[in-house]
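# Overview (structure and organization)
These are the residues of each chain, in order.
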Amino acid sequence: MKILVSVKRVIDFNVKVRVRPDGTGVETANVKMSMNPFDEIAVEEAIRLKEKGIATEVIAVSCGGAACQETLRTALALGADRAILVLTDVELQPLAVAKLLRALVQKELPQIVLLGKQAIDDDANQTGQMLAALLDWPQATFASKVDVAGATATVKREVDGGLETVEVALPAVVTTDLRLNEPRYATLPNIMKAKKKPLDTLAPEALGVDVAPRLVTVKVTEPAKRKGGGRVADVKELVAKLRNEAKILS
Ligand code: AMP
């Protein structure tokens, strides 16, 4: 069984994101970029399924500029067998990525597509769901445990009330939540080996997909600065503040 796993290149989660002065987006020049953390979890899960003998091939896919090759090399170093870069400089929105992934699914015929539940840059939480809808496949989102047996995947999902268990018939789309697994680190020998693994590049046109943005970003602004805290002299003052000021705020 083939598994397709999508990996997005995003601003590293440790970086303090800065909004461009013209409010058109966030600064990405000279900023450390990494694989979206939820996609690291997706890659790890795909590799574990291969190690268990369930998957036969893990294909990593990234859509974006040439620099996404770096993200794909990381996926290859972690254990993916080959990679596909859908190369475009157009700013991709979730629907465009979902359409590109659908085209790749139709070409590669995987039984499972693993995605992160959301990309930490746009926080859209849409691509997996849109892909499942476009393919008319079942979806199991926010997975915190995945068991594959025969033509079925049993997925535990984190929901507000606790854990929900769903069974989906394969082929299916699965999106990963934080507690699904703890991704491994790439070892130096595997980083070297990854350089020799196949990485194909395709244009969106070759997949017959129009990736033109459908949404316009009107404005991006920094969150309001937190007002500084204050010290209270004693419990009496604290209680008075909670009674009066906290009341006014609520
Ligand atoms: P989003 O819907 O944008 O929050 O993204 C959800 C998931 O879709 C991510 O965790 C990735 O697995 C996948 N994804 C989104 N954009 C891309 C991209 N440009 N290239 C590869 N995968 C992507």
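Preceding this paragraph is the structure being described.
Predicted, not measured: the structure shown is a model, and the values here were computed from it.

Glancing now at the site of the ligand. Close contacts around the ligand come from 18 residues, with S6, D39, A119, N125 and T127 the closest. One of the backbone nitrogen or oxygen atoms of C63 is found 2.8 Å away from a nitrogen atom of the ligand. In this structure, A119 approaches the ligand through a main-chain N or O atom, which is 2.7 Å from an oxygen atom. The fraction of the free accessible surface of the ligand (490 Å²) that becomes covered by protein chains is 98%. Going through the elements one at a time, β4 (57-64) and β6 (112-116) are the ones with two or more residues in the shell around the ligand. Looking at the shell around the ligand element by element, the count peaks at three residues for β4. For the shell around the ligand, a count of residues per class yields seven nonpolar, eight polar and three charged.

Moving on: a nonpolar patch on the surface. Taken together, the side chains of L188, I191 and M192 present a nonpolar region at the surface, about 290 Å² in accessible area. Tracing the chain through its elements places I191 in helix α5 (residues 188-194). Overall, the relative accessible area of 34% leaves I191 in the partly exposed class.

Cut-offs used in this document
- Residues numbered from 1 in each chain as written.
- Predicted model: local features only at pLDDT ≥ 70, side-chain atom pairs only at ≥ 80, totals over all residues.
- Heavy atoms only, no water.
- Near = heavy atom within 4 Å.
- Polar contact = N/O pair within 3.5 Å; in protein donor to acceptor, adjacent residues only side chain to side chain.
- Areas by Shrake-Rupley, 256 points an atom, 1.4 Å probe, with all protein chains shown as cover.
- Helix = DSSP H or I, 4+ residues; strand = E, 2+ residues; numbered from the N terminus.
- Nonpolar A, V, L, I, M, F, W, Y, C, P; charged D, E, K, R; others polar.
- Patch = residues over 30% accessible without salt bridge, like charges linked within 9 Å, V, L, I, M, F, W, Y side chains within 5 Å.
- Salt bridge = Lys/Arg side-chain N within 4 Å of Asp/Glu carboxyl O.
- Buried < 20%, exposed > 50% of the residue type's maximum accessible area, 1.4 Å probe, protein only.

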